[in-house]
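# Descriptive structure summary
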Amino acid sequence: MSRLIIAEVSKVRHYHSTVTDGFLKAWQQVGARSKFGKPLVFAHHSFIDCLSGEARTLADFRTIPVIDPDKRWLVRKTLLEAWTTLRIILSMGKKDTLIVATIFPTALVLLEYLLRILPRRNVVVLQHNEVEAAVTTPRPRLGSYGHANLVWHRMRGRRSPIKIAVLGSWIAEGVRQFYPNSVGNDQLFVLPMPMIASASEGQRIAPDAPLRSCFVGFNTAGKGFDTFEMLAKELPDVDFMQIGGGMLKNIRTGETRPLDDTAAFMETLAGCDVAIMPNTSGYDYTLSAAATDALAAGLHLIAYDRKCFRAMQAAFGEDAVTICSSASEIRDKLASHEWRERMRATRQQRLAKIDHSEFGLTNVGHALEKIFQDAPGALDRQSGSPAPASMAKGDAAS
């Protein structure tokens, strides 16, 4: 017997909850659940609570301790995430497949050493923005988060006990280019970020309503939040909202209100017209979950010229993604009433493209199946295996 296991050992609350939500729905979409059984998800209780009601019916769940990523406790996070992941791996059956959805790079380095001396299991780590540091120049500073991931990539070999999954084909090309001797075809998978076209009532925006723009996610370095705030001062007839981290904030008034779960987040997002992403660094070899969430909600995306946004434009067209080179160019787009009308008129066309794109649930589901079926003993798989016994007692999520 065998099972797909997903471990979220690094995130709490809303962090990346839409990604895991989409993976579970994609697994269901392609009929993998009926063939191979329910996936098993290990995550913090607050993360599980933020999944949609539907997603919580599509898997079995086990709660695990996770340190809030906002806390910069490097040593504690490294040891806890490595230990939690190791416990899950030791509880796996020979034919199970584990996808570690996010993990601190320093914990990866530790696991690389430990797993070399243990019986091999099918372990796949999904790399998000941390892959950027491993495939770009200049190299990250010594001791940084990115440097730890660079160390892990350099120490890997073709017989590494840990396989890699990345969120897009152009990212995989970058990994192969930088590490041709350590990443074979059986060591690297493309697992696209899942997107589900929103059917929210929030999309029914009155034609004469003010344009509503948003900044999705946290105002971390390089994401251009200062540009977003500057645009809010220059365009008084446009609403500017920040949506993310379980919160909606009006940039002008400072008013906030909580968003309790993934459904509330997507509903609020769908009430906007355009997402602004003036990222000044990164996002050449990673995919923005904020961008995929915005597009899935029917928003038009205005972004600076990064490979990530170019890939989204190639997938969905110029009526979905506009690439700009400066804040003034973004301002001119937002100020143009002709552009606003055209952008609103093409909303349903943008949404219709999602299911047939590489980010649609069917394609994502097949990518999950490929990872699952590439494990040793894949041809002998049967459905309905129980939860790993050593992790199943006393920690089931309510």
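For the structure given in this document, a descriptive report is provided here. As the structure is a computational prediction, the values presented were derived from the model and not from experiment.

## Quick notes on helix α1 (residues 17-29)
Spacing of three or four residues puts side chains on the same side of an α-helix, whose turn is 3.6 residues. The end-to-end C-alpha distance of α1 is 18 Å, a good match for the 18 Å that 13 residues give at a rise of 1.5 Å each. Burial runs high along α1: eleven of the 13 residues are buried. Of the residues flanking the end of α1, it is G31, one or two places downstream, whose phi is positive at about 80°.

## Description of the nonpolar core
The biggest cluster of nonpolar side chains holds 113 residues, and the ones touching the most others in it are L98, L191, L269 and M277. Leaving out residues up to four positions away in the same chain, M277 has contacts with V216, S288, A290, A291, L301, I302, A303, Y304 and F309. Ranked by size, the runner-up nonpolar core spans 20 residues in total, among them L231, F240, I276 and C324.

## Thoughts on the packing of helix α4 (residues 74-91) against helix α5 (residues 105-115)
Contact geometry of α4 with α5 gives a least axis separation of 8 Å together with a crossing angle of 40°. On the basis of the axis angle, α4 is oblique to α5. Here the hand of the crossing between α4 and α5 comes out right-handed. Contact residues: α4 offers L74, T78, L79, E81, A82, T85, L86 and I89, while α5 offers T106, A107, L110, L111, L114 and L115. Its residues assigned to classes, the contact of α4 with α5 shows ten nonpolar, three polar and one charged.

## So, the packing of helix α14 (residues 337-345) against helix α15 (residues 347-354)
Running from amino to carboxyl end, α14 crosses α15 at an angle of 40°, the nearest separation of the two axes being 4 Å. Classed by the angle they form, the pair α14 and α15 counts as oblique. Here M343, R344 and A345 of α14 lie close against α15, whose contacting residues are R347, Q349 and R350. Tallied by class, the residues present in the contact of α14 with α15 amount to two nonpolar, one polar and three charged.

## A few points about unusual backbone geometry
Here Y283, not a glycine, exhibits a phi torsion of approximately 60°, which is positive. The topology assignment puts Y283 in the loop between β12 (274-277) and α11 (289-296).

## Thoughts on empty space enclosed by the protein
According to the stated counting rule, one finds two cavities of 30 Å³ or more in the structure shown. Quantified by volume, the largest cavity comes out at close to 60 Å³. Looking at the largest cavity, the residues that line it are F215, V216, K223, I276, M277, N279, Y283, S288 and A290. Elements supplying a minimum of two residues to the lining of the largest cavity: β8 (211-216) and β12. When grouped by side-chain class, the residues that make up the lining of the largest cavity number six nonpolar, two polar and one charged. Empty space within the second largest cavity amounts to approximately 30 Å³. Counted by class, the lining of the second largest cavity contains five nonpolar, no polar and two charged residues.

## Some points on the sheet that holds strand β9 (residues 238-244)
Each strand in a sheet pairs with its neighbour through backbone hydrogen bonds, running either in the same direction (parallel) or in the opposite one (antiparallel). The strand order across the open sheet built from seven strands is β11-β10-β9-β8-β12-β13-β14, with neighbouring strands paired in mixed fashion. The sheet is open, and its two edges are formed by β11 (256-258) and β14 (321-324), each paired on a single side. Here the average twist between neighbouring strands, direction ignored, is 25°. With four bridges connecting them, β9 and strand β10 (residues 247-250) associate as antiparallel partners. What sits directly across from G244, in β10, is M247. Of the strands in this sheet, β8, β9, β12 and β13 (300-304) touch helix α9 (residues 225-234), which is tilted by about 150° from β9. Strand contacts of α11: β8, β12, β13 and β14, with the helix running at about 165° to β12, the strand carrying the most contacts.

## A short note on the packing of aromatic side chains
Summed over the entire model, instances satisfying the criterion amount to nine aromatic pairs. A centroid spacing of 4.8 Å and a plane angle of 55° characterise the contact between F36 and F372, whose relative ring orientation is tilted. Placement of the pair is F36 in helix α2 (residues 32-36) and F372 in helix α16 (residues 361-373), with a sequence separation of 336 residues. With respect to burial, F36 and F372 carry one shared label: buried. Note on Y283 and F309: the rings are 6.3 Å apart at their centroids and 20° apart in plane angle, and the pair reads as stacked. Here F309 lies in helix α12 (residues 307-316) and Y283 lies in the loop between β12 and α11, a separation of 26 residues in the sequence. Accessibility assignment for this pair places Y283 and F309 in one class, buried. Taken together, the ring pairs connect F215, F225, F228 and F240 into an aromatic cluster. Between the NZ or CZ atom of R76 and the centre of the ring of W73, over which it lies, the distance is 4.5 Å. The side chain of K77 reaches across the aromatic face of F104, ending 5.4 Å from its centre.

About the cut-offs
Residues numbered from 1 in each chain as written. Predicted model: local features only at pLDDT ≥ 70, side-chain atom pairs only at ≥ 80, totals over all residues. Heavy atoms only, no water. Helix = DSSP H or I, 4+ residues; strand = E, 2+ residues; numbered from the N terminus. Expected span 1.5 Å × (residues − 1). Buried < 20%, exposed > 50% of the residue type's maximum accessible area, 1.4 Å probe, protein only. Core = buried A, V, L, I, M, F, W, Y, C linked by side-chain atoms within 4.5 Å. Contact = heavy atoms within 4.5 Å. Axes fitted to C-alpha atoms, helices over the stretch in contact; angles between N-to-C directions. Parallel < 35°, antiparallel > 145°, perpendicular 65-115°, else oblique. Left-handed = near helix turned anticlockwise from the far one by under 90°. Nonpolar A, V, L, I, M, F, W, Y, C, P; charged D, E, K, R; others polar. 1 Å grid on protein atoms, 1.4 Å probe; cavity = no way out; pocket = protein on both sides within 12 Å on 5 of 7 lines; lining within 4 Å. Points joined across faces, edges and corners; volume = space filled by probe spheres on them. Pairing = 2+ DSSP bridges. Phe/Tyr/Trp six-rings, centres within 6.5 Å; stacked < 30°, edge-to-face > 60°. Lys NZ or Arg CZ within 6 Å of the ring centre and 35° of its normal.

So far we have only geometry, and geometry alone does not tell us how the molecule works.
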